[in-house]
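# Residue-level structural notes
Each chain is listed here by its residues.
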Amino acid sequence: MKICRFNNDRLGVVLGEEVADVTPILEYLPTAKYPFPRGDALVTALPSLLPRIREAVRIAPRIPISRVEFLSPVANPGKIIAAPVNYVDHLAEAVNMPELHHGNPIHQIQKVGLFLKASSSLQGCSQGVYLEHPDRRNDHEVELVAIIGKAGINVPRETALEYVAGYCIGLDMTVRGSEDRSMRKSIDSYSVVGPWMVTADEVPDPNNLDLHLTVNGEERQRANTRDLILDVAELIEFATSYYSIDPGDLLFTGTPAGVGPVKAGDVIHAEIASIGAMSVKVHAKRVSI
Ligand code: MN
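This report concerns the structure included in the present document. All of these numbers come straight from a predicted model, not from anything done at the bench.

### Remarks on empty space enclosed by the protein
- Scanning the entire structure with this criterion turns up 1 cavity of 30 Å³ or more.
- Residue contributions to the lining of the largest cavity peak at 3 residues, all from helix H1 (residues 41-57).
- Grouping the constituent residues of the lining of the largest cavity by class yields 7 nonpolar, no polar and 1 charged.

This is the structure:
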């Protein structure tokens, strides 16, 4: 099932070129009292809600996809985990291009470890990316994103995929420079996810998916997730050997070679097999709010 958030925080199921509006399902979510439990409420409740959603789809009003603005399929991830240099070809590219590493040593992911992106950087694909530092190099990074479905700690790779609720496409947008990744990659709108969440049952092997990205129609990145250094299950094992995971946590799995700069006015188009495609506009800096 392809589950989306759209327009004014509505809940939908994508059916071909239409979205079935199943927003009334949200009434079944528990009303939480402070302190709120960790994890995204919808992803936490999803296993029990899926039968109700399937039932609701049958009578739900349909909206053409062309009239839908996609928000992040997960509203409130507790954390956004991300893998640096997790494709062999991107590792080679990063080592060989000074403008990518800025004199910092580039190590394999097993040495570098994972990093966290601020949840305030989360953005739906229809909302676009806002370049807060347009004078610097701002790069696209297309990545498979795993959406965690249940809580876990010290999860072995053998059972790790049981902890995944679904998948979506991610753009790990990046300002190149010497600052820590958690700063350069946490700018508001720099974690684009979308266009929807495909439930894990429709992606039996996340480690064999073609992905590619174009900017203004020009191809920049093309790869297959089979070339991940640490695959999805190994990343979950690695992450949970340091911290627990909760429903709704997002895991950006790393980007292949071909990263490159974007500027205001560009349109990034990203596709991943079994998930879908999304177009993301690049905007100039936001006005202050
Ligand atoms: Mn990345």
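### Re the side chain of Thr-255
- Here Thr-255 lies in the loop between strand S17 (250-252) and strand S18 (260-261).
- For Thr-255, a relative accessible area of 2% corresponds to the buried category.
- Every residue in contact with Thr-255, bar those within four places of it in the chain, is listed here: Tyr-87, His-90, Glu-141, Val-142, Glu-143 and Gln-221.

### Points about unusual backbone geometry
- For the bond running from Tyr-34 to Pro-35, omega is -5°, close enough to zero to count as cis.
- Following the sequence through the fold, Pro-35 ends up in the loop between strand S3 (18-21) and H1.
- A cis amide bond links Gly-194 to the next residue, Pro-195, at an omega of -10°.
- Here Pro-195 is to be found in strand S14 (residues 191-199).
- Within the chain, Asp-9 stands out as a residue other than glycine whose phi angle is a positive 55°.
- The class of Asp-9 is partly exposed, set by a relative accessible area of 46%.
- Even without being glycine, Asn-154 reaches a positive phi, approximately 50°.
- You can see Asn-154 is positioned in the loop between strand S11 (142-148) and strand S12 (164-172).

### Considerations on the environment of Leu-122
- Note that Leu-122 resides in strand S8 (residues 122-124).
- Along the sequence, Leu-122 and Arg-54 sit 68 residues apart, while their C-alpha atoms lie 28 Å from each other.
- In this structure, Leu-122 is in contact with Ser-72, Val-74, Ala-75, Pro-77, Ile-80, Ser-191, Val-193 and Leu-250, ignoring residues within four places of it in sequence.

### Here we look at helix H6 (residues 232-240)
- When you tally the buried positions in H6, you get 8 out of 9 residues, the bulk of the element.
- Along H6, the residues classified as buried are Val-232, Ala-233, Glu-234, Leu-235, Ile-236, Phe-238, Ala-239 and Thr-240.
- As for H6, its buried residues are in contact with strand S6 (80-82), helix H4 (109-112), S11, S12 and S17.
- Of the residues that open H6, the one with a side-chain oxygen 3.1 Å from the backbone nitrogen of Ala-233 is Asp-231.

### A closer look at the pattern of salt bridges
- In the structure shown here, the tally under the stated rule is 19 salt bridges.
- Of the charged contacts in the structure, one is a salt bridge between Glu-141 and Lys-185, with a shortest N-O distance of 3.1 Å. Within this pair, whereas Glu-141 is found in the loop between strand S10 (138-140) and S11, its partner Lys-185 is found in the loop between helix H5 (181-184) and S14, the two being separated by 44 residues in sequence.
- A relative accessible area of 4% means that Glu-141 is categorised as buried.
- In this structure, Asp-266 and Lys-263 form a salt bridge, with 3.1 Å as the shortest nitrogen-oxygen distance.
- You can call Asp-266 buried: its relative accessible area is 5%.
- Through salt bridges that share partners, Lys-117, Arg-137, Asp-139, Glu-141, Asp-172, Arg-176 and Lys-185 make up one connected network.

### Focus: the nonpolar core
- Membership of the largest hydrophobic core comes to 58 residues, with the highest contact counts inside it found for Phe-70, Leu-171, Ile-236 and Ile-268.
- When contributions to this core are tallied by element, the ones reaching two or more residues are strand S1 (2-6), S11, S12, S14, strand S15 (210-215), H6, strand S19 (267-272) and strand S20 (276-283).
- Among the elements that make up this core, the one with the highest residue count is H6 (6 residues).
- What Ile-236 contacts, discounting residues up to four positions off in sequence, is Ile-148, Val-155, Ala-160, Val-164, Ile-245 and Leu-251.
- In terms of nonpolar packing, the next biggest core, distinct from the first, is built from 30 residues, Val-22, Ala-60, Val-74 and Leu-250 among them.

### Some remarks on H1
- In this model H1 runs just 20 Å from its N-terminal to its C-terminal C-alpha over 17 residues, more than 12% under the 24 Å that 1.5 Å per residue would give.
- The largest bend in H1 comes to about 75°, at Pro-47.
- Listed in full, the buried residues belonging to H1 are Leu-42, Val-43, Ala-45, Leu-46, Leu-49, Leu-50, Ile-53 and Val-57.
- The N-terminus of H1 is capped by Asp-40, whose side-chain oxygen sits 3.0 Å from the backbone nitrogen of Leu-42.

### Topic: the sheet that holds strand S9 (residues 129-130)
- If you walk across this open sheet you meet the 5 strands as S9-S20-S19-S15-S16, and the pairing is mixed. Every other strand in the sheet has two partners, leaving S9 and strand S16 (218-224) as the edge strands with one partner each.
- Relative to S19, S15 runs antiparallel, the two being bridged by 5 bridges. When the bridges of S19 are listed, Leu-211 appears paired with Ile-272.

Quick notes on the rules
Residues numbered from 1 in each chain as written. Predicted model: local features only at pLDDT ≥ 70, side-chain atom pairs only at ≥ 80, totals over all residues. Heavy atoms only, no water. 1 Å grid on protein atoms, 1.4 Å probe; cavity = no way out; pocket = protein on both sides within 12 Å on 5 of 7 lines; lining within 4 Å. Points joined across faces, edges and corners; volume = space filled by probe spheres on them. Helix = DSSP H or I, 4+ residues; strand = E, 2+ residues; numbered from the N terminus. Nonpolar A, V, L, I, M, F, W, Y, C, P; charged D, E, K, R; others polar. Buried < 20%, exposed > 50% of the residue type's maximum accessible area, 1.4 Å probe, protein only. Contact = heavy atoms within 4.5 Å. Polar contact = N/O pair within 3.5 Å; in protein donor to acceptor, adjacent residues only side chain to side chain. Salt bridge = Lys/Arg side-chain N within 4 Å of Asp/Glu carboxyl O. Core = buried A, V, L, I, M, F, W, Y, C linked by side-chain atoms within 4.5 Å. Expected span 1.5 Å × (residues − 1). Bend = angle between axes of the 7 residues up to and from the residue. Pairing = 2+ DSSP bridges.

Honestly, it's all geometry; don't read function into it.
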